[in-house]
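So the chains spell out like this:
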Amino acid sequence: MKQISKRYPNGVLANDNVNIDLNEGELLAIVGENGAGKSTIMKILYGLEHPTGGEIFIHGKPQVFKNPQSAMKQGIGMVQQNFMLLPPFSIAENVVYGSEPKKMGVFFDRKKAVDEVRQLSGQYGLSIDPTLLIKNCAVGLQQRCEILKVLYQNARIIIFDEPSAVLTPQEVEGLLDTLRQLAGMGKSIILITHKLNEVMAVADRCVIMRGGRHIATLNTGETSIQELSSLMVGRQIVDKEIPKLDKGHCVLKVKNLSLSGPAGQSIVRNCSLNVDSGEIVGIAGVSGNGQTELLHMLVGLLKPDDGEILLNGKEQSGGEVRTIRDAGCAYVPEDRNTMGAALDATLTETLLMAHQYKKELNRHGILNHKSAEESFAALLKEYNVLHSSLKQKSGELSGGNLQKLIVAREISHNAKLLVISEPTRGVDIGAMEFIHNRLIEQRSDGAAILLVSSDLSEILKLSDRIYVMYEGRINGEIMREEANAENVGILMMGGVRHDKAV
């Protein structure tokens, strides 16, 4: 890719004369903060976006990709972060979808599809049963299906977009082995990730982008995580030390909480946990094991079938959202776009959410706009939220800035309990550092924090104690001193620890 530029009609320059080269059989990582331009340039390579300037060459021949289909014809495939699979269909049916083998030239040859996918999975060491239905597959198997889809299309260049975001540590190691194997078999791999330890583990070279520009390309054997992170953000990243604190009083106590789904299936099963003041308690687990529903019961969005929720010693089970907030609970939801903010609302309106009853902002039901805007302008400055004005729509902010806005809004409640889910999902390393530091500060100030994250490194870094959820139940509790990726990962997969009885 030579001198690639992309300028949008609104004047935003997403890519500024970017040069990227990829060799046969190479594993090339592309890293950068949100808004660095890495996703845009990959969309250009895959035909989802069209460049304003520059050229793309495959084996020395210039190419123009009008759409993903034209990119696929030249051997370019992409494994997206959000899987594009049909749950009622089998793995084989998903892999061959759109290029189904036929019998008698008309009918779908299901047996041949199963045989071809089984042969393909064996060829690339991606062990999988082609007859399994996607809806019955764990996340790791679904990802293998996505990889097989790309390989079935005879892709020679494969782009992986944040491929480890929803995997257990064991599944991540399996994925990294797969990437190494694909590169070893002559495939050219592009890896987009925020996780620099993965870059150092598998990549041959790493492209660093910042502000839409190519900053550097480094051999991973000649660099370090510290150098890569500094180049990404333009400054040195320093982890804030988490001091050991004395145990405080119990703020949240959950006893035998249970919830069933519409069809009677068990979603949360007899969950018991507690969070004390001055500690961060993490909940680890692969997405879809009941973590979201557990939090929704704690904050009043779902009513439990059974069990107790005590907040500062007072029963809150089945309480309304406002009642629970007034009792001292703040909540950062996992999905900032649908639950954390209204994207068409202004920044003032978004920051006002759940603050509208405060006496300093509301008098006899009439909002004090001047006071609100002064308070919110100071808050956005404190949290370094890049914006044009308070009248700007929330949906116009970058993902990282919208996340910081929501975290700022909830922390500014000074609640005794902060329930926070996926605090740094999809944000860059600079925003991640900022949010982590704020959580550590809240802990030091005596807040009780319940943290849910699918990023195990985040859980291990921040948590004083860790609960692990599997199939709706608490599968174990581990103290910070004992926690590591291996023993937490075993519990995330439904196993038990061998070093200590659970």
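It should be emphasised that the depicted structure is a prediction, and the values quoted were computed from it without experimental measurement.

### Overview of the side chain of Q291
- Structurally, Q291 can be placed in helix α9 (residues 291-298).
- Here the side chain of Q291 touches N289 through a polar contact of 3.0 Å, landing on its backbone nitrogen.
- Beyond its immediate stretch of four places on either side in the chain, Q291 contacts I283, G285, V286, V452 and M469.

### Here we look at the sheet that holds strand β10 (residues 188-192)
- In spatial order, the strands read β6-β9-β10-β3-β11-β12; together these 6 strands make up an open sheet with mixed pairing. This sheet does not close on itself; its edge strands, each paired only once, are β6 (76-79) and β12 (213-219). Pairwise comparison of adjacent strand axes, ignoring direction, gives a mean angle of 20° for this sheet.
- Where helix α6 (residues 169-184) meets the sheet, its contacts fall on β3 (27-32), β9 (157-161) and β10, and the angle it forms with β10 comes to roughly 150°.

### Focus on unusual backbone geometry
- Backbone geometry places A354, a non-glycine residue, at a positive phi of 75°.
- Along the chain, A354 falls in the loop between α12 (347-352) and β19 (362-363).
- Judged by relative accessible area, which is 29%, A354 ranks as partly exposed.

### A word on the domain arrangement of the chain
- Domain annotation for the chain reports domain 1 (27-233) and domain 2 (250-345 + 402-501).
- Its C-alpha centre places domain 1 at a distance of 31 Å from the equivalent point of domain 2.
- Taken together, the contact pairs 14 residues of domain 1 with 16 residues of domain 2.
- With both sides pooled, the region where domain 1 packs onto domain 2 buries about 1200 Å², and carbon together with sulfur makes up 65% of that total.
- One can count 0 salt bridges joining domain 1 with domain 2.
- Residue assignment for the side of domain 1 that touches domain 2 shows that the elements contributing at least two residues are α6 and α8 (225-233).
- For the side of domain 1 that touches domain 2, the per-class residue count stands at 7 nonpolar, 5 polar and 2 charged.

The rules behind the values
Residues numbered from 1 in each chain as written. Predicted model: local features only at pLDDT ≥ 70, side-chain atom pairs only at ≥ 80, totals over all residues. Heavy atoms only, no water. Helix = DSSP H or I, 4+ residues; strand = E, 2+ residues; numbered from the N terminus. Polar contact = N/O pair within 3.5 Å; in protein donor to acceptor, adjacent residues only side chain to side chain. Contact = heavy atoms within 4.5 Å. Pairing = 2+ DSSP bridges. Axes fitted to C-alpha atoms, helices over the stretch in contact; angles between N-to-C directions. Buried < 20%, exposed > 50% of the residue type's maximum accessible area, 1.4 Å probe, protein only. Domains from an automatic or database assignment. Buried area = accessible area lost by both parts, 1.4 Å probe. Salt bridge = Lys/Arg side-chain N within 4 Å of Asp/Glu carboxyl O. Nonpolar A, V, L, I, M, F, W, Y, C, P; charged D, E, K, R; others polar.

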